[in-house]
Structures are given as C-alpha cells and as structure tokens.
Amino acid sequence: MRTIGHLINGKFVADDPRQQDITNPSTNEVVAKVSLASKATVEEAIAAAAAAYPAWRDVPPAKRARIMYRLKELLEQNADKICEMLTREHGKVLNDAMGELQRGIENVEYVCSAPELLKGEHSKNVGPAIDSWSEFQPLGVCAGITPFNFPAMVPLWMWPMAIACGNTFILKPSERDPSSALFIAELGLEAGIPAGVLNVVHGDKEAVDTLLTDKRVQAVSFVGSTPIAEYVYSTGNANGKRVQAFGGAKNHALVMPDADLDNAVSALMGAAYGSCGERCMAISVAVAVGDATADALIEKLQAQIAKLKVGDGMDNGNDMGPLVTRAHLDKVEGYIARGVEEGAELVVDGRGLKVPGFEDGNYLGASLFDRVKPGMAIHSDEIFGPVLCVMRVDTMQEAMDIIDAHEYGNGTCIFTRDGEAARYFSDNIKVGMVGINVPLPVPVAYHSFGGWKRSLFGDLHAYGPDSVRFYTKRKTVTQRWPASGVREGAQFSFPSNN
Ligand code: NAD
C-alpha cells in the first residue's frame, strides 16, 4: 500500500506514527495511506522554510516569476495526470476536475506578473528634495491549510503568490484527498522553486495547531468550514499572525417572475448539482418570487433532474460523481431526513441510488425540496451535497431579507430580465460575490475571491490583487540627501508642507 508522505526541504518523509486511509469514493476501496504529521514533523518543515527564507527573499521578482511561467507549463503538460489523481480521491467527474485545475492555472498566470505587482508606489518631492516610496516586502514563513473540495485549485490560490512575493511556504492540504496538491508542489520544485521554499505536510488538528502557534510562521491562509475557519482565525491572531480564513456558505439564487426560466433552470442544475454540491459557491437555495414562478421552476427542475447521469467520476459521460466519503454521505442523507421531519416538501429524493458496478460508492442522486422556510436546518446549515431547496416569497424584498439574514454571505445571484432590479440587488445585497444571470460568480484570477459575514474571517480576499497585499507588508521610506555642507538646526514642529 502506497503511503503519501510529506515534502520537506525537497525530500519525502513519512515516518509519523499516525496514518489515515485514503479511499476511492466510487468504491470505498482503500487506495493509499497518508502520513499524519506530528508536531515534530511540522516543526521540521517550519525550520526548513525559515532557513530558506533569507536567500529566497533576495531573489529578484522577475526570476521568481520565471519559475511560475515554468510551473504553468508543467501544470498544462501534466493536466490529465493531475485530474485523474484528483478524481480518484475526491470523486468529481474528470471534466469538472479539469475546470478546477484550469482555474488554478489562471492563478499561476496572474502570479507571473509579480514584478509588476510588487513595483510599489513612489512620490518624488514630497518635501524639498525629499522623496518617498512604499515597497511591499515579504512576510517570511507563510502557511496554507486547504479543504477537500478543491484539492488542486485552492492550494494554487495560495502558495504561488506567496512564493512569488518572496515568502517561503508550508502547505497542509486536506488529508482526505492530498495527492494532487502534493504532486503539484513537486511540479513547483521541478519548475525551479528551491528546496525548503515550498514544503507540504499532511495531517489534521495536530499539524494545524503547530502551524498556528509556532512563532516562526508569520501568516496563515485557511479555506474550509466555518467553525474551523473561526478557530484558525482566533488562534492564529492570538499568536500574533496575519490570518485570512475562508469558511462555509449557503448561496441563494433569486428567481424573479420575469426571468428566462429555461436559462435559470439550466444554470441552477449545474450550480446546485455540479461536483455533487460540494462547492463553496454551489447554489443550494433558489428563492422564487411568486407561486407561479416557483411552480414552473419546480416542474422544469424535476424534468432536468430526471435526465441527470450519476456515476463514476472517471467517466466524463456522467454529470455527477459520488460524495467524498461515506461519513459525508451519511451526513447529507441525515439532512434530507431532517428536512422531511421539519415539514419541507421533498419533491425529488436522491437517497438509495445504486450505481451498477459501484454499489459500495458514496452515491446520492440529486434531491429537491420545495416550501423550505427560514429556521429549518436544511436552510440554516450548509449541507454540502446535491440538495437544492426552493423557497417561495411574494416580493423581491422578502427574498433579499432572507438572504441578508443568513449567517453566510459567500455568493448569490439573481435571474431577471430587469436591469434596474439586478442593479438594486447587486448594490444592496449583503453578500461578497454577486452574479447577474450568472449562477457561480467566482471571480477571475485578476480579481479577488471572498465572501462576507461568517464566510470570511479577516479582511483581504483570496488570490488576485488582495493576495499581493496579504502576502506582503508595506514599508514606506522617506529619503532626503541634504546638499553636502548644508547644516540645519533641529525642527520641533511636526513636518509638513506648510
Ligand atoms: P474542514 O473545515 O473540515 O477542513 C479544512 C481544513 O482544516 C483541512 O485541511 C483539515 O485538515 C483542517 N481541519 C479539520 N478539522 C480541524 C480542526 N479541528 N482543527 C484544525 N484543523 C482542522 O473543511 P472541508 O470539509 O475539507 O471542506 C469543506 C468546507 O470548506 C465547506 O464548508 C466549504 O464551504 C468550505 N470551503 C470554503 C471556500 C471559500 O472560499 N469560502 C472554498 C472551498 C471550501
């Protein structure tokens, strides 16, 4: 049995006493074991990153960017291999894995402009013969802790930018599907990142806690569920670190009576059921304005759900693969049962689905609830499965109030033909990423990604321009070279141009 080890200072290490099984979600067969890093192992990685930092900090940004160009090429050349690894451990359909990887590559493309992004700001003559500039210096050792659902893309939100900015990095990928993140890091070293500048440790709370408390780690980026995001944010802050912690979501689509319903339904199908709903930007609630809109929406969704193909992710003919683990399948099915108990109308029940040849897989068919009300657990909690809840309201404002009152504020969208309504919605809704007739408004790599409310703890968003700010600290220098021989007396009032 293959043991997935850590990558520390350019070498593989796997001698921790604790290991965890990695299963194929399509069959539940154990395909590998992953070594769970002890405190000592993580400290070894931190020591390697700290030792590599002084030299890496001084490498010119253009040289660091050149490595990222090579990384982009290597990612493209190895795309099929990465996606197969990813699908075998995560379960998502290969085409979907390819979409995920492509989004990750786009982050690397943005990082290739590091010399431009790090140029800083300069002002000449801020006073007589005085110049001032702000430069953006690296922080030192940074760490990234990532979730199971985008095992290739989310690490690529983090370490390429951190490293291009002159930091060294320790990645702690999800212990449920770590292989693609590890392989991509190996490609990073092959592209020219020196040993010690990028390290990978696998593990659970013990590894995370070590990263959060060790004084040598300067900043932590986290993506995962809200309770852990909040814990990472407060623990990291208490230990003096800069932290950005991205949490869970419950994303609502507002369907207006004037919407192009066929377009809305096809968008909702992909956004609710793609990747089995295991996306932080998945639409899990559709709020229909008016009963006529809701009735038509339910009817059209039912017809589309009947055509969905669910099966092994290695087959691109399928629309949906299995859920990531048996425990997660049980949790999602538990929510379906709870929704029925709480009085919602289960229009399509995906439970009990058996995929021929994959009877032991974590399969669940697309499920659809109607007449979901605020206060029901299926509305308040993030289910993270292929379950779409339809809510019925009388007015657009009522729908917006439901969305605003929810604890999460990651993404949302509106389906309408009315530009004024769309503008009012995007102006006023209390959510960080908004789509107008676009169901998954995931920003492109040259914008930044982040939710509001309990979907993000911290200020700066992920990737794009905000990530340059997150992985650097501003230093502002004010410089004067007095003409030789000039002597001035001390100035006691606060210096200004008056
Ligand atoms: P998770 O919170 O279980 O795990 C995320 C990371 O935290 C993993 O690396 C895991 O090892 C670590 N971890 C788990 N328990 C821990 C503990 N007690 N102490 C310290 N570390 C711990 O999340 P997941 O199930 O892997 O991912 C799904 C979640 O991630 C969903 O809630 C989803 O919405 C969220 N997510 C959010 C975004 C975003 O950008 N907002 C993006 C992707 C996923």
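Reading the values: rules and limits
Residues numbered from 1 in each chain as written. Predicted model: local features only at pLDDT ≥ 70, side-chain atom pairs only at ≥ 80, totals over all residues. Helix = DSSP H or I, 4+ residues; strand = E, 2+ residues; numbered from the N terminus. Rg over C-alpha atoms; globule rule 2.2 N^0.38 Å. Buried ≥ 20, exposed ≤ 12 C-beta atoms within 10 Å, placed from the backbone. Contact = placed C-beta atoms within 7 Å. Pairing = 2+ DSSP bridges. Near = placed C-beta within 6 Å. Nonpolar A, V, L, I, M, F, W, Y, C, P; charged D, E, K, R; others polar. Domains from an automatic or database assignment. Core = buried A, V, L, I, M, F, W, Y, C linked by C-beta atoms within 7 Å. Axes fitted to C-alpha atoms, helices over the stretch in contact; angles between N-to-C directions. Parallel < 35°, antiparallel > 145°, perpendicular 65-115°, else oblique. Expected span 1.5 Å × (residues − 1). pLDDT = per-residue confidence, 0-100. UniProt positions renumbered as here; feature names shortened; annotations may be inferred. Left-handed = near helix turned anticlockwise from the far one by under 90°. Right-handed = clockwise from strand over helix to strand, strands pointing away.

Observations concerning the overall build of the chain
Counting secondary structure elements, the chain contains 16 helices and 23 strands. The C-alpha atoms of the chain give 25 Å as radius of gyration, which agrees with the globular expectation for 498 residues (23 Å, within 12%). A principal-axis box enclosing the C-alpha atoms of the chain has dimensions of 85 × 60 × 40 Å. Taking all 498 residues of the chain together, the buried fraction comes to 52%. Across the chain, every contact between residues at least 6 apart in sequence was considered, and the portion connecting residues at least 24 apart equals 70%.

Some words on the sheet that holds strand β1 (residues 3-4)
If you trace the three strands from one edge of the open sheet to the other, you get β1-β5-β4, paired in mixed fashion. Only two strands of the sheet have a single partner each, and these edge strands are β1 and β4 (18-23).

Considering the site of the ligand
Of all residues adjacent to the ligand, which total 26 residues, the nearest are Pro 147, Gly 224, Ser 225, Gly 248 and Cys 280. When grouped by side-chain class, the residues that make up the shell around the ligand number eleven nonpolar, ten polar and five charged. When residues are assigned to domains, the shell around the ligand turns out to be shared by domain 1 (3-247 + 455-477) and domain 2 (251-436), each giving three or more.

A short note on the domain arrangement of the chain
When cut into domains, the chain gives domain 1 (3-247 + 455-477) and domain 2 (251-436). Between the C-alpha centres of domain 1 and domain 2 there is a distance of 31 Å. The interface of domain 1 with domain 2 comprises 18 residues on the first partner and 24 residues on the second. Looking at the side of domain 1 that touches domain 2, the elements that each hand over two or more residues are α3 (79-90) and α4 (94-111). The dominant element in the side of domain 1 that touches domain 2, judged by the number of residues it contributes, is α4, at three residues. Here the residues of the side of domain 1 that touches domain 2 are counted per class, giving five nonpolar, ten polar and three charged.

Description of the nonpolar core
In this structure, Ile 170, Val 220 and Val 232 are the most contacted members of the largest nonpolar core, which totals 87 residues. Non-local contacts of Ile 170, meaning those with residues more than four positions away in its chain, are made with Ala 45, Ile 46, Ala 49, Val 141, Ala 143, Asn 199, Val 201 and Leu 211. In terms of nonpolar packing, the next biggest core, distinct from the first, is built from 67 residues, Leu 268, Val 324, Ile 378 and Leu 388 among them.

What to know about the packing of α3 against helix α7 (residues 179-191)
In the contact formed by α3 and α7, the axes pass within 8 Å of each other and the chain directions differ by 155°. If you check the angle between α3 and α7, you find them roughly antiparallel. Facing Ile 82, Met 85, Leu 86 and Glu 89 of α3, the residues of α7 in contact are Ser 179, Ser 180, Phe 183 and Ile 184.

Some words on the sheet that holds strand β6 (residues 121-127)
The three strands lie next to each other as β6-β7-β23, forming an open sheet whose pairing is antiparallel. Edge positions in the sheet fall to β6 and β23 (472-480), since each has one partner strand and no second. Going across the sheet, the axis of each strand differs from the next one's by a mean of 25°, ignoring polarity. Sheet topology note: the β6/strand β7 (residues 130-138) ladder contains four bridges and is antiparallel. Bridged to Gly 127 within β7 is Ile 130.

Observations regarding helix α10 (residues 261-273)
The periodicity of an α-helix, 3.6 residues per turn, causes residues three or four positions apart to be oriented the same way. End to end, α10 covers 17 Å across 13 residues, agreeing with the expected 18 Å (1.5 Å per residue, within 8%). Residues Ala 264, Val 265, Ala 267, Leu 268, Met 269, Ala 271, Ala 272 and Tyr 273 constitute the buried set of α10. Looking at the buried residues of α10, the elements they touch are β13 (251-255), β14 (283-289), α11 (291-306), β17 (387-393) and β19 (411-415). Following α10 by one or two positions, Ser 275 has its phi on the positive side, about 55°.

Some remarks on the confidence of the model for the chain
Fine structural detail should not be taken from predicted coordinates in areas where pLDDT scores are low. Confidence in the prediction for the chain averages 96 pLDDT; 99% of positions are at 70 or higher. With pTM at 0.96, the complex prediction returns an ipTM value of 0.99.

Things to note about unusual backbone geometry
With phi around 60°, Asn 437 is a residue other than glycine that occupies positive phi space. Looking at the element boundaries, Asn 437 is found in the loop between β20 (433-436) and β21 (452-453). The phi dihedral of Lys 453 is positive, around 55°, even though this residue is not glycine. When the 17 C-beta atoms within 10 Å are taken as the criterion, Lys 453 is described as partly exposed.

Let's talk about the UniProt feature "domain: Aldehyde dehydrogenase" (unreviewed entry) in the chain
Within this numbering scheme, the UniProt entry marks residues 13-477 as carrying the feature "domain: Aldehyde dehydrogenase" (unreviewed entry). Here residues 13-477 is 42% helix and 22% strand, with 43 Å between the C-alpha atoms at its ends.

So, the packing of helix α2 (residues 61-77) against α7
Remark: α2 packs on α7, axes separated minimally by 8 Å, with the N-to-C direction vectors making an angle of 130°. The angle between α2 and α7 falls in the class oblique. For the crossing formed where α2 meets α7, the hand is right-handed. Counted together, Ile 67, Arg 70, Leu 71, Leu 74 and Leu 75 of α2 and Ile 184, Leu 187, Gly 188, Glu 190 and Ala 191 of α7 form the full contact between these two elements. Looking at the contact of α2 with α7, its residues break down into seven nonpolar, one polar and two charged.

Focus on the pairing of strand β8 (residues 141-145)
Of all five residues making up β8, five are buried, and the element is well covered by its neighbours. Here β8 shows a buried face lined by Val 141, Ala 143 and Ile 145 and a second buried face lined by Cys 142 and Gly 144. Bridging between β8 and strand β9 (residues 168-172) involves five bridges; their strand directions are parallel. The residue bridging Cys 142 from the neighbouring strand is Phe 169, located in β9. For the segment spanning β8, helix α6 (residues 153-164) and β9, crossover handedness is right-handed. As paired elements, β8 and strand β11 (residues 217-223) share five bridges and run parallel to each other. Along β11, the bridge assignment pairs Ala 143 with Val 220.

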